[in-house]
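# Analysis of the macromolecular model
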Amino acid sequence: MRIVGLTGGIASGKSTVSNLFKAHGIPVVDADIVARNVLKKGTGGWKKVVSAFGEDILLDNGEVDRAKLGQIVFSDPGKRQLLNRLLAPFISRGILMEVLKLWMKGYSIIVLDVPLLFEAKMDKWTKPIVVVWVDPETQLQRLMTRDGSMEEEAKSRINAQISLDLKRSKADIVIDNTGTLEALHEEFQKVLIQITKPLTWTELMLSRKGAFLALFSIFVGVAICQKSS
C-alpha cells in the first residue's frame, strides 16, 4: 500500500489538489472531515474540548461552534496547541480507521489530506509527501479574497501555521500553485504519473493483495511440507 501525504497551507489550493486526486479515482482521507466527526456532540473529543474551553463555545443545539473556537485558538498559540493536543489522539485514530476501511476494499494507493501533517508527526506514516506551495504574497491575497478578511487577520491565520517554505523543504513532491488553475491541472498530471507508478515490493506486501499473496505462499509451503513428510 502506498500512503501519500498531502499538505499545504491555508489558501494554498490543497483542497483543489485533493479534489483532483478524487476525480482520478484515488481515495482521499480528509483529516478535516475526521476532525469534524471527533468534535460531534457527545464524542470523546467533544467532551475533552468542552471541558478545556467551557460551554461558551457551544451552539444552542450543543454542537461546537467551530467558527468561535477557531477565533479563540487562532489568536492564542497556547490555546491552539492545547486544542491540537486534545484532539490529536482522536484524529489519528479516526484517520487510521478510514485507511483500514480502504485497505479492506483493496485500494493500493491512498492520499492522506492533512493540513497539520508535519505538526501532528503524521509525515512518518506517508511516502511520498506532496506539498502544495504558493509564494507568501499570493497566499495572503488569495486568503483575503476568499474570506473577505482584513490583512492583519489574514496574516495572523497564515502565521498560525508552519510556513509553506519550511513545508516545501520537507516535501518529496512540490506542486507550485502560484499560477493559474490551468497551470495547476498541468502540474497535477505530472504528479499523478509519479503517484501511480508501480508499487515497490515493500508497498505491495503492505497492500491487501500482498497480504493474500503472503498467506497463499504460507499455505503452499505448509502443503508442500506435509506432502514431503
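Presented here is a report on the structure given in the accompanying data block. (Residues numbered from 1 in each chain as written. Predicted model: local features only at pLDDT ≥ 70, side-chain atom pairs only at ≥ 80, totals over all residues. Heavy atoms only, no water.)

### What to know about the side chain of Gln139
Tracing the chain through its elements places Gln139 in helix H6 (residues 136–147). Its relative accessible area of 6% is what places Gln139 among the buried residues. In contact with Gln139, not counting residues within four places along its chain, are Gly9, Ile10, Ala11, Val134, Ile158 and Leu164. (Helix = DSSP H or I, 4+ residues; strand = E, 2+ residues; numbered from the N terminus. Buried < 20%, exposed > 50% of the residue type's maximum accessible area, 1.4 Å probe, protein only. Contact = heavy atoms within 4.5 Å.)

### Quick notes on the packing of aromatic side chains
Inspection of every chain in the model, using the stated rule, returns one aromatic pair. Taking 4.9 Å as the distance between ring centres and 75° as the angle between the ring planes, the aromatic pair formed by Phe21 and Phe188 counts as edge-to-face. Separated by 167 residues along the polypeptide, Phe21 in helix H1 (residues 14–23) and Phe188 in helix H9 (residues 181–195) bring together distant segments of the chain. The burial state of Phe21 is the same as that of Phe188; both residues are buried. Looking at Arg168, its charged tip hangs above the ring of Trp133, at a distance of 4.3 Å from the centre. Its guanidinium or amino end placed over the ring of Phe118, Lys170 lies 5.8 Å from that ring's centre, counting from NZ or CZ. (Phe/Tyr/Trp six-rings, centres within 6.5 Å; stacked < 30°, edge-to-face > 60°. Lys NZ or Arg CZ within 6 Å of the ring centre and 35° of its normal.)

### Description of unusual backbone geometry
With an omega of 5°, the peptide bond between Lys127 and Pro128 qualifies as cis. Here Pro128 is to be found in the loop between strand E3 (109–113) and strand E4 (129–133). Despite not being glycine, Ala11 shows a phi value in the positive range, around 65°. For Ala11, the position within the fold is in the loop between strand E1 (2–7) and H1. With a relative accessible area of 13%, Ala11 lands in the buried category. For Lys121, which is not glycine, the phi torsion reads 60° and is therefore positive. As for its position among the elements, Lys121 is in the loop between E3 and E4.

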